[in-house]
Amino acid sequence: MADRRILMEAHNRGDVERKMALHESYYPKTSSLLEEHLNTFMEQLDRLGGKADGKDPMEHPRLPLILSHNEFVRRTFLMVRNRYFGY
């Protein structure tokens, strides 16, 4: 909680150096959480996509839109993962 207050005070004062120091101190934790989120979410998208196999789009008219959206999200997450984690 103290770091939140320090960050807000640094932001309000325009103290860029202090803000960067705080961000750097949390980088390893936020980085690993982001990587975990990306991997877990893409696995979930793969499982959901598998559930759509064999479904009739006439019975499920929104399915093509949902699959298209999921593929867009997956590609976006892949780009982020490749950019920041070098996969």
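What counts, and where the lines are drawn
Residues numbered from 1 in each chain as written. Predicted model: local features only at pLDDT ≥ 70, side-chain atom pairs only at ≥ 80, totals over all residues. Heavy atoms only, no water. Phe/Tyr/Trp six-rings, centres within 6.5 Å; stacked < 30°, edge-to-face > 60°. Helix = DSSP H or I, 4+ residues; strand = E, 2+ residues; numbered from the N terminus. 1 Å grid on protein atoms, 1.4 Å probe; cavity = no way out; pocket = protein on both sides within 12 Å on 5 of 7 lines; lining within 4 Å. Points joined across faces, edges and corners; volume = space filled by probe spheres on them. Nonpolar A, V, L, I, M, F, W, Y, C, P; charged D, E, K, R; others polar. Salt bridge = Lys/Arg side-chain N within 4 Å of Asp/Glu carboxyl O. Buried < 20%, exposed > 50% of the residue type's maximum accessible area, 1.4 Å probe, protein only.

## Describing the packing of aromatic side chains
- As enumerated under the stated definition, the model contains one aromatic pair in all.
- Ring geometry for F41 versus F77: centroids 5.2 Å apart, planes at 40 degrees, classification tilted. One end of the pair, F41, is in helix α2 (residues 16-52); the other, F77, is in helix α3 (residues 63-85), and 36 residues separate them in sequence.

## Describing the layout of surface pockets
- In this structure, the largest pocket encloses a volume near 170 Å³.
- Contributing to the lining of the largest pocket are D3, R4, L7, L22, H23, E24, Y26, Y27 and T30.
- Mapped by element, the contributors of at least two residues to the lining of the largest pocket are α1 (2-13) and α2.
- Looking at the lining of the largest pocket, the element that brings in the most residues is α2, giving six residues.
- For the lining of the largest pocket, the residue count by class is four nonpolar, two polar and three charged.

## So, the environment of R62
- The residue R62 is located in the loop between α2 and α3 in this model.
- Between the C-alpha atom of R62 and that of K19, which follows or precedes it by 43 residues, the distance is 45 Å.

## Remarks on the pattern of salt bridges
- One pass over the full model with this rule turns up two salt bridges.
- For R13, the salt bridge is made with D15, and the minimal N-O distance between the two is 3.7 Å.
- We classify R13 as exposed; its relative accessible area is 57%.
- When its relative accessible area of 26% is taken as the criterion, D15 is described as partly exposed.
- Note that D46 is salt-bridged to R74, the shortest N-O span being 2.7 Å. Residue D46 is found in helix α2, and its partner R74 is found in helix α3; the two are separated by 28 residues along the sequence.
- What makes D46 partly exposed here is its relative accessible area of 41%.

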